[in-house]
There are 2 protein chains.
Amino acid sequence: MRYVSQIFQPVITIPKNAKVKNTDITCKSQKLLLECGLVRPTSSGFFALLPLARRALDKLETLVKTCVEAAGAQRVTLPALTAAQLWETTGRLADVGSELLTVEDRHKKEYLLAPTHEEAIADLLADVGPLSYKQLPLVLYQINNKYRDEHRPKHGLLRAREFTMLDAYGAHRDTGCAETVYEDMTTAYTRLFERLQLPVYRVPAPTGDMGGTLSHEWQVPASAGEDAISVCPSCSHAALDSTECARCGKETERVNSIEVGHTFILGTRYSGPLKANYIPPSGPPQPLIMSCYGIGITRLLAASLEALSSEKSMRWPRAIAPYSAVIIGPKEGSKEWQHHGEDRVHEVYKRIAQAQDAVIDDRHQLTIGKRLMMADRLGYPTIVVCGRAVLEIPPRYEVHRCLPGSSQEPALVTLEGLIDMLEGEGREKVLEVNKA
Amino acid sequence: MRYVSQIFQPVITIPKNAKVKNTDITCKSQKLLLECGLVRPTSSGFFALLPLARRALDKLETLVKTCVEAAGAQRVTLPALTAAQLWETTGRLADVGSELLTVEDRHKKEYLLAPTHEEAIADLLADVGPLSYKQLPLVLYQINNKYRDEHRPKHGLLRAREFTMLDAYGAHRDTGCAETVYEDMTTAYTRLFERLQLPVYRVPAPTGDMGGTLSHEWQVPASAGEDAISVCPSCSHAALDSTECARCGKETERVNSIEVGHTFILGTRYSGPLKANYIPPSGPPQPLIMSCYGIGITRLLAASLEALSSEKSMRWPRAIAPYSAVIIGPKEGSKEWQHHGEDRVHEVYKRIAQAQDAVIDDRHQLTIGKRLMMADRLGYPTIVVCGRAVLEIPPRYEVHRCLPGSSQEPALVTLEGLIDMLEGEGREKVLEVNKA
């Protein structure tokens, strides 16, 4: 059994520490994650992820893995340090130099803390290559930390200097093959955002300094967003910038948004200069057509909170809430405490533990009301209160739901009623695991 | 279903690339991981982990998490970059400076790519503190990458410049409390190494520049090891350096070994200067007594291969083999191929897939002998060959086992016989998951 009293969660109600000035708090995900003890800044743009945030991130990482592996991607891990010379070869060292954190080793060799790995992957494919056309398409992905020396890091995890990314790279023999993989990865992204029940718009985008021929941004509407998209209220088509919907001609609405993903067909922008070739069925080796796919995982976590929470209470996509349920036991000294102690709490825990990732709030010295308030603020999708009604025969439990966009009244149900309420979720969970 | 033909595994038989000179290959784990296409150097002391190595590392990371969480540790993630000023405060910047990779950001602030996080954790505990004595003991752990600018990186993953570590940190009110946690973590380590079926010796060690009062190293005997321990052939007691066994007085044997873990009670070495205090039941705040626990995870992976493999064939602890079983189908054009095609292969896969993490070697253009040789070299714990005997009624399968230290003859069994053979392992697996 797991207990709230044992979780390291240094709650603060007013940011009082010198490192966190009130003026640094610029959006609600940042404020809630800090005040509820999930995240702690260690330095400008750098954050310690504390146990509850780490649990949510674990779930999100697993979900991302499941979705991209279903599209055929294979996990690899490249070093965070990329030789600067590779970026010199592709010309990006000069282009984005000021945003790079660089390292010189004891032999004066230059490395950069990679913000992305196109060069490193192309170099790997060149090193093991040339691949045969029979080995293509090939999609390799990573989940690890990336670095960007933001001039002014802000909004907490939304714009950090060290952040967790999914980055996937496709290697293809031609543009047609690349487009097929691009569609498969688009499906993987769509499935991920559906699982998160998050409104994410896919908008055509310029290819910018990544190079390449085709690109989309994946944007979540949120007032704290530093981007903006034009959404058609009629057909939900979205674009980066247009007053008229390209699909149905209606007038669009402009909303702030957070970029949580990006997809590109890169062509030979990196494979060319780095000599990442493949051998076609006939003729000499040719440069690979490459594609790449990014999702800012820590940013997506914060963007989910930004999109779903109120100013006062966190709301999570159910799939990534740190715990899916909390069980609040009676207050010490109450009548129900005197009769049952923690017996009812343990009974509930045992019955729901298989389907729910539950935790017991064992801080019995606090009133139920106080713990309920804290549980609502943390946004456990399900809160089960073992209060006065556990004295009834059969005992009944108060169930509160903290789900995005829902404002259900609490229900008073028997244990069997509770199991029924949660059963659909349990089944849903099993089905999802099987699908994976 | 998963197929060997789809795995990105760039096999090389003779290192031919400029980046990998023959003389750089100094031990068998390095040679086997490179030649079998699991790992690829990207630069001196930096490695790309390719899909099979990444799978093994995933399993090892999960096992490590399970063991330390059973001891009550909670996962956090701190930035890889630690402010240099923290290391200046504890005096370690000068002590180990030449092994540190450092970074200066655009505002000229100095960071180091942390080889370990005592300072960062003490600073975090100071920042959220002072903790109450009621919150103690507290154990936080991380699994992430660490950095050390080795003068001469060698032996592949055994001495890399970027490597994956478990690092756990205990915070305690007094030495007694620290010793209790130290024992719990010692149990976690012991359980981990038992699960890996790896001979690991725990030897008392000097505390060195970590500071502190109590320390043990965890050493795996292996000829490529850069350390050495004295092991008593009679009672298995081990020490760093002594010709006579401290426990039974017998003469010891000197063997090379690889350090895979380290445990320390640090006292107030870091909490003192960084002001990480707690509030005792009465009186003013006191510095926390700290402990720390490290396991080199990528090193442990390589050390396992070093200890268990032959020069020619990898042998894995069963728990971390990239796949636990491979099924080799008939050669194209053979009589069994003409009769059954891949039917028998799929039948076997479906029956064992629930308990075994299986993959199908679908390279039907290669002979069974050739694929069997490659499977043996890769060290799949179980190899099931669908050869000539699948034509019998009932069909029979040749089962080869690649387990450390075992040289079983291949067995010819029916499908039911195969299920029986593997059943114990399946059960073992389920039990382990339940324990976790």
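From a predicted model like this one, the values you see are computed outputs, not experimental measurements.

Novice: Sorry, what's going on with the packing of helix α2 (residues 51-70) of chain B against helix α7 (residues 297-308) of chain B here?
Specialist: The relative placement of two packed helices comes down to the angle between their axes together with the axis-to-axis distance. Residue and element names in this part refer to chain B. One way to put it is that α2 packs onto α7 with a least axis distance of 10 Å and a crossing angle of 110°. The angle between the axes of α2 and α7 places the two elements in the roughly perpendicular class. By crossing handedness, the relation of α2 to α7 is classed as right-handed. Here α2 contributes A53, A56, L57, L60, E61 and V64 to the contact with α7, which in turn contributes I297, T298, L300 and L301. Here the residues of the contact of α2 with α7 sort into eight nonpolar, one polar and one charged.

Novice: Explain the interface of chain B and chain A to me, please; I cannot follow it from the model alone.
Specialist: Where interface size is given, it is often the accessible area lost as the parts come together that is meant. Listed by partner, the interface residues are 52 residues for chain B and 52 residues for chain A. Each partner contributes to the roughly 4,400 Å² buried at the junction of chain B and chain A, and carbon and sulfur atoms together form 52% of this total. On the chain B side of the interface with chain A, the three residues burying the most area are F8, R106 and D127 of chain B, jointly 16% of the side's total. Our count for the contact surface shared by chain B and chain A stands at six salt bridges. Here R75 of chain A makes a salt bridge to D58 of chain B, at a shortest N to O gap of 2.9 Å. The interface formed by chain B and chain A contains 28 residue pairs in polar contact (both at pLDDT 80 or more). When contributions to the side of chain B that touches chain A are tallied by element, the ones reaching two or more residues are β1 (39-43), β2 (46-49), α2, β3 (74-75), β5 (101-104), β6 (110-113), α5 (118-128) and β8 (138-147) of chain B. Per element, the largest residue contribution to the side of chain B that touches chain A is five residues, and it comes from α5 of chain B. Of the residues assigned to the side of chain B that touches chain A, the class counts are 26 nonpolar, ten polar and 16 charged.

Novice: Explain the domain arrangement of chain A to me, please; I cannot follow it from the model alone.
Specialist: Residues and elements named next belong to chain A. When the domains of chain A are assigned, the result is domain 1 (47-308) and domain 2 (323-435). Taken together, the six residues of domain 1 in the interface contact seven residues of domain 2. With both chains or domains summed, domain 1 and domain 2 bury close to 600 Å², and 50% of this area falls on carbon and sulfur atoms. Per-residue buried area on domain 1 facing domain 2 is highest for L52, R55 and R195; these three make up 56% of the total on that side.

Novice: Whenever I open this one, the packing of helix α2 (residues 51-70) of chain A against helix α6 (residues 175-195) of chain A confuses me. Can you help?
Specialist: Residues and elements named next belong to chain A. Interhelical geometry of α2 versus α6 gives an angle of 150° and a closest axis separation of 8 Å. Put simply, α2 runs roughly antiparallel to α6. Crossing angle aside, the handedness with which α2 passes α6 is right-handed. Each of L63, V64, C67, V68 and A70 in α2 lies in contact with α6, whose residues at this interface are M185, A188, R191, L192 and R195.

Novice: What am I meant to see in the pattern of salt bridges here?
Specialist: Where charged atoms of side chains with opposite charge meet at close range, the side chains can pair. Per the stated rule, a full pass over the model turns up 52 salt bridges over all chains. The residue R377 of chain B makes a salt bridge to E35 of chain B at a minimum N-O spacing of 2.7 Å. With R377 of chain B in helix α10 (residues 368-378) and E35 of chain B in helix α1 (residues 28-35), the pair connects residues that are 342 residues apart, well separated along the chain. Residue R92 of chain B is joined to E119 of chain B by a salt bridge in which the shortest nitrogen-to-oxygen separation is 2.7 Å. On the criterion of sequence distance, the pair formed by R92 of chain B in helix α4 (residues 92-95) and E119 of chain B in helix α5 is long-range, its members being 27 residues apart. Neither residue differs from the other here; R92 of chain B and E119 of chain B are each classed as buried. Linked by salt bridges that have partners in common, R2, R55, K59 and D357 of chain A make up one network.

Novice: Help me understand the relation of the copies chain B and chain A, please; the structure alone is not making it clear to me.
Specialist: Put simply, the two copies of the chain differ by a rotation about an axis and a shift along that axis. Once chain B has been moved 0.0 Å along the axis and rotated by 180°, it coincides with chain A to within an RMSD of 0.0 Å. Put plainly, the chains are arranged around a two-fold axis. Distance from the rotation axis, computed per C-alpha, reaches its smallest value in chain B at V103 of chain B: 2.7 Å. Take the interface residues of chain B: 100% of them recur as interface residues in chain A, which is what a same-surface contact looks like.

Novice: Just to check I follow, could you spell out the sheet that holds strand β21 (residues 396-401) of chain A for this structure?
Specialist: One key point about sheets: their strands pair by backbone hydrogen bonds, in either a parallel or an antiparallel sense. Residue and element names in this part refer to chain A. The strand order β19-β18-β20-β21-β22 describes an open sheet built from five strands, whose pairing is mixed. Looking along the sheet, the strands with just one partner apiece sit at the ends: β19 (358-361) and β22 (411-414). Averaged over all adjacent pairs, the angle separating strand axes in this sheet is 30°, with direction ignored. Taken together, the four bridges between strand β18 (residues 325-328) and strand β20 (residues 382-385) define a ladder with parallel strand orientation. Paired with I327 across the two strands is V384, which belongs to β20. Lying on the sheet, helix α9 (residues 343-352) is in contact with β18, β19, β20 and β21; it crosses β19 at an angle near 170°.

Novice: Explain the confidence of the model for chain A here, please?
Specialist: Low-confidence regions, as indicated by low pLDDT, have predicted coordinates that should not be scrutinised in detail. Per-residue confidence for chain A averages 92 on the pLDDT scale, and 94% of its residues sit at or above 70. Contacts from residues 427-436 of chain A, a stretch scored under 50 in pLDDT, to residues over four places away or in other chains number eight contacts.

Novice: What's the story with the side chain of E306 of chain A in this structure? I'm lost.
Specialist: All names here are of chain A. For E306, the position within the fold is in helix α7 (residues 297-308). Salt bridges are absent for the buried E306, whose nearest opposite-charge side chain, K28, sits at 5.0 Å. Leave out the neighbours within four places in its chain, and E306 touches C27, K28, S29, L158, A222, A224 and I258.

Novice: Honestly, α6 of chain A in this entry has me stumped. Any pointers?
Specialist: Each α-helix winds once per 3.6 residues, and so residues spaced three or four apart point in a common direction. All names here are of chain A. Under the 1.5 Å per step criterion, the end-to-end length of α6 is 30 Å for 21 residues, consistent within 8% with the ideal 30 Å. Of the residues making up α6, those classed as buried are C177, A178, V181, Y182, M185, T186, A188, Y189, L192 and F193. The N-terminus of α6 is capped by D174, whose side-chain oxygen sits 3.2 Å from the backbone nitrogen of G176.

Novice: Please explain a negative patch on the surface as it appears in this structure.
Specialist: The grouping of D174, E179, E183 and D184 of chain A at the surface amounts to a negative patch. Residue position: D184 of chain A is located in helix α6.

Novice: What is the right way to look at the packing of aromatic side chains in this model?
Specialist: By convention here, two paired aromatic rings are described through the distance between centres and the angle between planes. A complete count under the given rule lists ten aromatic pairs over all chains for this structure. Judged by centre distance (5.3 Å) and plane angle (55°), the rings of F46 of chain A and Y111 of chain B are tilted. Of the two residues, F46 of chain A is situated in strand β2 (residues 46-49) and Y111 of chain B in strand β6; the pairing between them involves two chains. Both residues of the pair, F46 of chain A and Y111 of chain B, count as buried. Judged by centre distance (6.2 Å) and plane angle (85°), the rings of Y189 of chain A and F193 of chain A are edge-to-face. Residue Y189 of chain A and its partner F193 of chain A are both found in helix α6; the two are separated by four residues, about one turn of the helix. In terms of burial, Y189 of chain A and F193 of chain A fall into one category: buried. Taken together, the aromatic side chains of Y189, F193 and W218 of chain A make up a single cluster linked through ring pairs. Taking NZ or CZ as reference, R55 of chain A lies 3.9 Å from the ring centre of Y323 of chain A, over its face.

What counts and how
The residue numbering used here restarts from 1 in each chain and proceeds along that chain's sequence as written. Chains carry letters from A onward and ligands carry numbers from 1 onward, assigned in written order. A pLDDT threshold of at least 70 governs which residues receive local features in this predicted model, and a stricter bar of 80 or more applies before side-chain atom pairs are shown or counted, although totals over entire chains, interfaces and linings include all residues. With hydrogens and water set aside, each side-chain value is computed from the structure's full complement of heavy atoms. In this analysis an axis means a line fitted to C-alpha atoms, helices contributing only their contacting stretch, and an angle means the value between N-to-C directions, from 0 to 180 degrees. Helix and strand assignments follow DSSP, with helices taken as H or I runs no shorter than four residues and strands as E runs no shorter than two, numbered in order from the N terminus. Roughly parallel means an angle under 35 degrees; roughly antiparallel, over 145; roughly perpendicular, 65 to 115; everything else is oblique. Two helices cross in a left-handed way if the nearer one is turned anticlockwise from the farther one by less than a right angle. They cross in a right-handed way if the turn is clockwise. For this analysis, residues touch if any pair of their heavy atoms sits within 4.5 Å. Note on residue classes: Ala, Val, Leu, Ile, Met, Phe, Trp, Tyr, Cys and Pro are nonpolar, Asp, Glu, Lys and Arg are charged, and everything else, Gly too, is polar. Once two parts are brought into contact, the accessible area they lose, counted with a 1.4 Å probe and summed over both, makes up the buried area. Between Lys or Arg on one side and Asp or Glu on the other, a salt bridge is scored when a side-chain nitrogen of the former is within 4 Å of a carboxyl oxygen of the latter. Throughout this description, a polar contact denotes any pair of N or O atoms lying within 3.5 Å of each other; where both atoms belong to protein, one of them has to be capable of donating a hydrogen while the other can accept it, and for residues adjacent in sequence the pair is counted only when both atoms sit in side chains. Domains are outlined according to an automatic or database domain assignment. Three exposure classes are used, based on accessible area relative to the maximum for each residue type with a 1.4 Å probe and protein chains only: buried under 20%, partly exposed in between, and exposed over 50%. Alignment of copies: least-squares fit on C-alpha atoms of residues with pLDDT of at least 70 in both copies. We call two strands paired when DSSP finds no fewer than two bridges between them. Confidence of the prediction at every residue is given by pLDDT, a number between 0 and 100. Neither His nor the chain ends contribute to the count of charged residues, in which Lys and Arg are positive and Asp and Glu negative. Under the convention used throughout, the expected extent of a helix is 1.5 Å for every residue step, that is, one less than its residue count. What makes a patch is a set of residues exposed beyond 30% relative accessible area and free of salt bridges, joined within 9 Å when like-charged and within 5 Å when nonpolar (Val, Leu, Ile, Met, Phe, Trp, Tyr). What sets the accessible areas is the Shrake-Rupley method with a 1.4 Å probe; for residues, cover comes only from the shown protein chains. Charge coordinates come from a single atom per side chain, which is NZ of Lys, CZ of Arg, CG of Asp or CD of Glu. Only the six-membered ring of Trp is used, alongside the rings of Phe and Tyr, when aromatic pairs are assigned; centres must lie within 6.5 Å, and planes under 30 degrees apart are stacked while those over 60 apart are edge-to-face, with the rest tilted. The rule is short: NZ of Lys or CZ of Arg within 6 Å of the ring centre and within 35 degrees of the ring normal puts a charge over the ring.

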